[in-house]
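Observations on the model geometry
In case you want the letters, here they are:
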Amino acid sequence: MDYQKTQYILENLVIRTKGVSVQIQGDGNIIRNCIIKSEGNAAIVLAGPNGVIENNKIILRNRWIPSEVAAGFDIFGDVLRPLKEILPSRSRPRAAIVLRQASGTRIIGNSIEVEGASGNRHAIYVKDASTNVLAQGNRIIGPAKPAFFEPGSEVMARDNQLAEPK
């Protein structure tokens with residue numbers, strides 16, 4: 001897929017959401033020096049090549065009720081909603097950073113924290129034939145599986161540090 005050269009720059013921002021914090025599509029987008037906290041399925045979803053995610057503090061919180069289910073609750077707390085609606089959505093993959101068709105993207109010098117260790121929660125999730133991706137010098141805190149790459153995607157990982165949650 002060809003992406004329009006957008007070159008959006010998000011810099012020096014504090015972003016906190018209950019859903020996905022940042023979703024950008026295009027070629028050459030930059031997210032730098034931000035604090036990004038999400039309670040959704042991802043903190044950052046970047047679709048398109050040649051992106052830069054650099055020197056950010058990224059936190060993916062672990063809500064017991066996933067955001068897509070919580071959105072359906074009314075103000076009076078529809079708390080008796082059957083668990084069968086909540087539990088399947090908790091098993092879907094979640095990641096602090098999701099890359100889609102993001103060839104040539106660089107993830108450098110970030111602090112990436114994923115709360116709630118499980119097999120479906122990752123710091124970085126690379127999919128849709130994203131090749132020549134560089135993940136370097138990141139501090140990854142918490143997930144049992146720091147990164148997940150779908151077949152057809154390639155990532156060069158160098159000098160990343162894994163840390164236990166506090």
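Now for a description of the structure that goes with this document. (Residues numbered from 1 in each chain as written. Predicted model: local features only at pLDDT ≥ 70, side-chain atom pairs only at ≥ 80, totals over all residues. Heavy atoms only, no water.)

**Points about the environment of T105**
- Structurally, T105 can be placed in the loop between β9 (94–100) and β10 (106–108).
- The exposure class of T105 is buried, given its relative accessible area of 0%.
- Along the sequence, T105 and I30 sit 75 residues apart, while their C-alpha atoms lie 9.6 Å from each other.
- Not counting residues within four places of it along the chain, the set of residues in contact with T105 comprises L46, G48, P49, N50, G51, L99, N132, V133 and L134. (Helix = DSSP H or I, 4+ residues; strand = E, 2+ residues; numbered from the N terminus. Buried < 20%, exposed > 50% of the residue type's maximum accessible area, 1.4 Å probe, protein only. Contact = heavy atoms within 4.5 Å.)

**Observations regarding the sheet that holds strand β13 (residues 133–136)**
- The six strands lie next to each other as β1-β4-β7-β10-β13-β16, forming an open sheet whose pairing is parallel. The strands lining the two open edges of the sheet, one partner per strand, are β1 (9–11) and β16 (155–158). Going across the sheet, the axis of each strand differs from the next one's by a mean of 5 degrees, ignoring polarity. (Pairing = 2+ DSSP bridges. Axes fitted to C-alpha atoms, helices over the stretch in contact; angles between N-to-C directions.)

**A few points about the pairing of β13**
- Bridging between β10 and β13 involves three bridges; their strand directions are parallel. When the sheet's bridge partners are listed, R106 is paired in β13 with L134.
- Bridge count for β13 against β16 is four bridges, and the pairing is parallel. Note that in β16 the partner of V133 across the bridge is V155.

**So, the nonpolar core**
- One finds I36, I44, I53, I58, I97, L99 and I112 to be the most contacted residues of the largest nonpolar core, which totals 25 residues.
- Mapped onto this core, the elements with two or more residues apiece are β3 (22–25), β6 (42–47), β8 (57–60), β9, β11 (111–114), β12 (121–127) and β13.
- Residues contacting I53, with those up to four places away along its chain left out, are I31, I44, L46, I58, I97, L99, R106, I107, I108 and N110.
- Core analysis: the second largest hydrophobic core is formed by five residues, A42, V45, A95 and Y125 among them. (Core = buried A, V, L, I, M, F, W, Y, C linked by side-chain atoms within 4.5 Å.)

**Topic: the environment of A47**
- Following the sequence through the fold, A47 ends up in strand β6.
- Residue classification places A47 among the buried positions, given a relative accessible area of 11%.
- Sequence separation of A47 and Q25 is 22 residues, and the distance between their C-alpha atoms is 4.6 Å.
- Those residues within four positions of A47 in sequence are excluded, and the remaining contacts are Y3, I24, Q25, G26 and R100.

These figures capture arrangement, not role.
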